[in-house]
Amino acid sequence: MDFTKINTRGLVLLGCGKMGSALLEGWLKGGIDAGAVYVLDPNPSDWVKAQGVHINEDLPDDPAIALLAVKPQMMGDALPSMAALGNGTTLFLSIAAGTSIAHFEEALGGQTPIVRSMPNTPAAVGRGITAIIGNTHATAADLDLAEGLLKAVGQVVRLENEGQIDAVTGVSGSGPAYVFHLIETMAAAGEAQGLAPELAMQLAKATVAGAGALAEAAEESPAQLRVNVTSPNGTTAAALNVLMDREKGFPKLLGDAVKAATERGRELGK
């Protein structure tokens, strides 16, 4: 990705918590000059202070991009400080859950190019996946720029319409928590069958991480991978009889969980 435009005009990062810091680290490694980055954050970490970026200083007049990375509940207070950059050529890229493009257009101006995105927490280790959607003023070049920046922390997918973002939130945005809970419960179940707690946790973590890596690397579908490791009437089949139960197993549980997260996302967006 060519970041000449950013290095010339500047990048504003509004909010530099865990996600903002993960992105910043990826950008600095990827070729964005520290001197081109302007961070606005009331409590910047020691790590951010050590990067050589501008912190809480006057902003450039026409930065290439302004990335909005504050928590959704703080967005209302933070946006007015950005309004001067609206209705211009600065691209606004939001990684805040639950804040709609319409809300940004209202706060920044209706002519503002805006890309809304939904990243997830594995971005902290460069293994995130982020979905993006632009408004009518976001050009193809704007979307490419947003994608290039977000690729610093993992994969990027493009949505057809903003309505899909709540389902993305339900699957990949909130999804890491489902997997963390799976690890917790697998470890607890191993303990219940006589394993030491540390051993049960090590087995659960490595199994989930390894299976995820295998699912991503393999050409076969996850369904086929499941079939491959399931001997008829064997141990895996005994477990899957429980997990694949239509009424009480994963199909029902995860269907309900993703639906609940998606619906909550819609409520928050109103």
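Residues numbered from 1 in each chain as written. Predicted model: local features only at pLDDT ≥ 70, side-chain atom pairs only at ≥ 80, totals over all residues. Heavy atoms only, no water.

An unreviewed UniProt entry annotates the chain as Pyrroline-5-carboxylate reductase originating from Litoreibacter ascidiaceicola. As recorded by UniProt, the Function (unreviewed entry) comment attached to the chain reads in full: "Catalyzes the reduction of 1-pyrroline-5-carboxylate (PCA) to L-proline." (UniProt positions renumbered as here; feature names shortened; annotations may be inferred.)

**Observations concerning the pairing of strand 4 (residues 65–68)**
Where burial is concerned, the two faces of strand 4 agree: the one with Ile65 and Leu67 and the one with Ala66 and Leu68 are both buried. Bridge count between strand 1 (residues 11–14) and strand 4: four bridges; the pairing is parallel. Bridge pairing in strand 4 links Leu14 to Leu68. As paired strands, strand 4 and strand 5 (residues 91–94) are joined by four bridges and run parallel to one another. Within the sheet, the bridge partner assigned to Leu68 lies in strand 5 and is Ser94. (Buried < 20%, exposed > 50% of the residue type's maximum accessible area, 1.4 Å probe, protein only. Helix = DSSP H or I, 4+ residues; strand = E, 2+ residues; numbered from the N terminus. Pairing = 2+ DSSP bridges.)

**What to know about the nonpolar core**
With 32 residues, the main nonpolar core has Ile6, Leu11, Leu13, Trp27 and Leu149 as its most contacted residues. Among the secondary structure elements, those contributing two or more residues to this core are strand 1, helix 2 (18–30), strand 2 (37–40), strand 4, strand 5 and helix 6 (140–150). The element best represented in this core is helix 6, accounting for five residues. Non-local contacts of Leu11, meaning those with residues more than four positions away in its chain, are made with Ile6, Trp27, Ile32, Ala36, Val37, Tyr38, Ile65 and Leu149. Formed by 24 residues, the second largest nonpolar core is a distinct cluster that contains Tyr38, Met82, Ala96 and Ile101. (Core = buried A, V, L, I, M, F, W, Y, C linked by side-chain atoms within 4.5 Å. Contact = heavy atoms within 4.5 Å.)

**Here we look at the layout of surface pockets**
Roughly 2400 Å³ of internal volume is contained in the largest pocket. As for the largest pocket, its lining consists of 47 residues, of which Val179, Leu182, Val208, Ala211 and Gly212 are closest to the centre. Broken down by secondary-structure element, the contributors of at least two residues to the lining of the largest pocket are strand 7 (128–134), strand 8 (154–158), helix 7 (165–173), helix 8 (175–192), helix 9 (197–217), helix 10 (222–228), helix 11 (235–243) and helix 12 (250–269). In this model, the second largest pocket occupies a volume close to 840 Å³. Lining the second largest pocket are 35 residues, and of these Met19, Ala69, Lys71, Pro72 and Ile95 lie nearest its centre. Put simply, the parts of the chain that give the lining of the second largest pocket at least two residues each are helix 2, strand 6 (114–118), helix 7 and helix 12. Grouping the amino acids of the lining of the second largest pocket by side-chain chemistry returns 17 nonpolar, twelve polar and six charged. Each of domain 1 (3–164) and domain 2 (174–269) accounts for three or more of the residues forming the lining of the second largest pocket. (1 Å grid on protein atoms, 1.4 Å probe; cavity = no way out; pocket = protein on both sides within 12 Å on 5 of 7 lines; lining within 4 Å. Points joined across faces, edges and corners; volume = space filled by probe spheres on them. Nonpolar A, V, L, I, M, F, W, Y, C, P; charged D, E, K, R; others polar. Domains from an automatic or database assignment.)

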